[in-house]
Amino acid sequence: MKTSLIALVAAGCGLALATQSATAADLTENATSGYNWSGVYVGFGGGAGALVGEVDINPLAASANGIGGEGVFGELTVGYDYMMSPRVLIGAFADARIGNIGANLSMGPGSVDAKADYGFDVGVRAGYLLTPSTLAYVLGGYSWQHFDVSSNPAGLDYSWDSSGFVVGAGIETAISSNWTLKSEYRYSHFGSEDFGSAGVIEVTPSMHTLHAGLNYRFGMNSGGAGFDAPSYSWNGLTIGAAVGAGGLVHDLKVPGLGLGFNGIGAEGIFAEASIGYDMEFSGNWVAGVMANARYSTISSELSAPGGNASIDADYGFDVLARLGYKVGAGTLVYGLAGYSHQHFEINVSGLGDLYDWNASGFSVGGGIETAVTDRTTLNLEYRYSDYGSEDFGSAGLFKVDPSSHTVRAGLKFKLM
């Protein structure tokens, strides 16, 4: 799973870097003056995401992936970038964050919370300017996270620190002479914790997060190379393809006993095809509709010597509307909302497809989309999706309510 997630991040950014092969016929004849991306910057922002804890019970050779949670965080950033050429950038960054991403177990009047409350990342990034004002990049580095388990009423209090790595990809675009806006996906993986059990039980956390933020760049409006930029019209019909990754959390409830667990975690990757129509209005506003279908490997897995079982979110579709604002001639920042449908199934080794169900719900999110040729755009987009409950024929005695945090990177092609 870890290898697949890292490969997906590289593939998503590869969509951006592949646009270097665009021919001169795809570009306008007029060079656009550039920004000076070299130098120090500071920033602030926040995000949302999902946490998945893989639980290993070593004496039984059993594992479950696993414990899931979700939440939000705030973040402060400092960094330095250096332009190696008019379009290629390298840099370093450090982030500090505080948040509430985690799991919750409620038992009548009491509860137990396990959360990733604060941490930091230190890393490097490499980027390519799609336009003089919009950068696509990949990142990687060291990640440190503090975890805390506590109860209400008080009585349980356990915390630990864990080191790991982070990889990701993002898009950053200038919105004024010194300010830039970024949208960024990160996958973080941390070391195991055995809770003093001498390795009998180990939990290995990982996180899928979306980071959105504003950066202030010192001296960005002084100098900077200019180059030909795409001329793109936001009116028309498009088709697209995307790859993505994310986490899903099943919120379990037993209403009669006052029990709730948020929850069972899942993670994986997916591929998606889309069709949409956009219309540009006065004042730099763009409105549109789109529909997409996906196939996913997002799954919760339980394995033991006697067999294995999984809860899979395998295929689904969305019908969405979006509203965006052009922050540059070829770059759109947008929000979206609409209907989402997801198919789930429970598989048990030796028994096959034991149970499956369809769930309807909603998605909300946003992203950044930028032109890479006069008929092609690249976008990075976050979605939070919440689906309806399933009671497995129990007449409401037992319910599962799934929700997901996903990020996709995609290319869209103008048809007309």
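Residues numbered from 1 in each chain as written. Predicted model: local features only at pLDDT ≥ 70, side-chain atom pairs only at ≥ 80, totals over all residues. Heavy atoms only, no water.

### Overview of the pattern of salt bridges
As a reminder of what qualifies: Any carboxyl oxygen of Asp or Glu that lies within 4 Å of a side-chain nitrogen of Lys or Arg is treated as forming a salt bridge with it. The secondary structure listing takes helices from DSSP runs of H or I that are at least 4 residues long and strands from runs of E that are at least 2 residues long, numbered from the N terminus. Buried means the residue's accessible area, taken with a 1.4 Å probe over protein chains only, is under 20% of the maximum for its type, while exposed means over 50%, and partly exposed covers the values in between.
Under the definition given, this model contains 16 salt bridges. In this structure, Glu 369 and Lys 412 form a salt bridge, with 3.6 Å as the shortest nitrogen-oxygen distance. Note that Glu 369 is positioned in strand β16 (residues 352–371) and Lys 412 in strand β18 (residues 399–414), a separation of 43 residues in sequence. By relative accessible area, Lys 412 is classed as buried at 9%. Linked through salt bridges whose partners overlap, the residues forming this network are Asp 95, Arg 97, Asp 121, Glu 184 and Arg 186.

### Observations regarding the nonpolar core
Stated formally: To qualify as a nonpolar core, a set must consist of buried Ala, Val, Leu, Ile, Met, Phe, Trp, Tyr and Cys residues joined through side-chain atoms within 4.5 Å.
In this structure, Leu 130, Ile 171, Tyr 185, Leu 378, Leu 380, Tyr 382 and Val 407 are the most contacted members of the largest nonpolar core, which totals 19 residues. When residues of this core are traced back to their parent elements, those giving at least two are β5 (110–131), β7 (157–174), β8 (179–190), β17 (376–387) and β18. Membership of the second largest hydrophobic core comes to 13 residues, among which are Trp 37, Leu 89, Leu 129 and Phe 227.

### Some thoughts on the confidence of the model for the protein
Note the threshold: For every residue, the predictor assigns a confidence score, pLDDT, that lies between 0 and 100. In what follows, residue pairs with any heavy atoms lying within 4.5 Å of each other are defined as contacts.
Confidence in the prediction of the protein, expressed as mean pLDDT, is 89, and 91% of residues score 70 or more. Within the protein, no element has a lower average pLDDT than helix α1 (residues 2–17), which sits at 40, and none a higher one than β17, at 97. Confidence drops under a pLDDT of 50 for residues 1–32, and excluding neighbours within four residues, the segment shows 60 contacts in the predicted structure.

### Section: a nonpolar patch on the surface
What counts, and what does not: Surface patches are defined over residues having more than 30% relative accessible area and no salt bridge, joining like charges when they lie within 9 Å and nonpolar side chains (Val, Leu, Ile, Met, Phe, Trp, Tyr) when within 5 Å. Here, Shrake-Rupley sampling with a 1.4 Å probe gives the accessible areas, and only protein chains in the shown set may cover a residue.
Among the surface-exposed residues, Val 40, Val 42, Val 78, Tyr 80, Tyr 82, Met 84, Val 88, Ile 90 and Phe 218 lie close enough to one another that they form a single nonpolar patch of about 800 Å² accessible area. Listed by contribution, the elements that provide at least two residues to the nonpolar patch are β2 (39–57), β3 (62–83) and β4 (88–107). Top contributing element to the nonpolar patch by residue count: β3, with three residues. Within the secondary structure, Ile 90 sits in strand β4. Among the residues examined, Ile 90 registers a relative accessible area of 38% and is labelled partly exposed.

### Digging into the packing of aromatic side chains
How two aromatic rings sit relative to each other is given by the distance of their centres and the angle of their planes. Inclusion rule: Geometry of aromatic contacts follows a simple scheme: Phe, Tyr and Trp rings, the Trp one being its six-membered ring, pair when their centres are within 6.5 Å, and the pair is stacked under 30 degrees between planes, edge-to-face over 60, tilted otherwise. The criterion is that NZ of a Lys, or CZ of an Arg, lies within 6 Å of the ring centre and within 35 degrees of the ring normal, and then a charge sits over that ring.
Inspection of the entire model under this criterion finds 21 aromatic pairs. Ring geometry for Trp 179 versus Tyr 216: centroids 5.2 Å apart, planes at 70°, classification edge-to-face. Of this pair, Trp 179 sits in strand β8 while Tyr 216 sits in strand β9 (residues 201–217), placing them 37 residues apart in sequence. Each member of the aromatic cluster is reached from another via a ring pair, and the members are Phe 344, Tyr 355, Trp 357, Tyr 387, Phe 392 and Phe 398. Over the face of the ring belonging to Tyr 41 we find Arg 217, whose NZ or CZ atom lies 4.4 Å from the ring centre. Across the ring face of Tyr 232, the terminal group of Lys 414 is positioned such that the distance to the ring centre comes to 4.4 Å.

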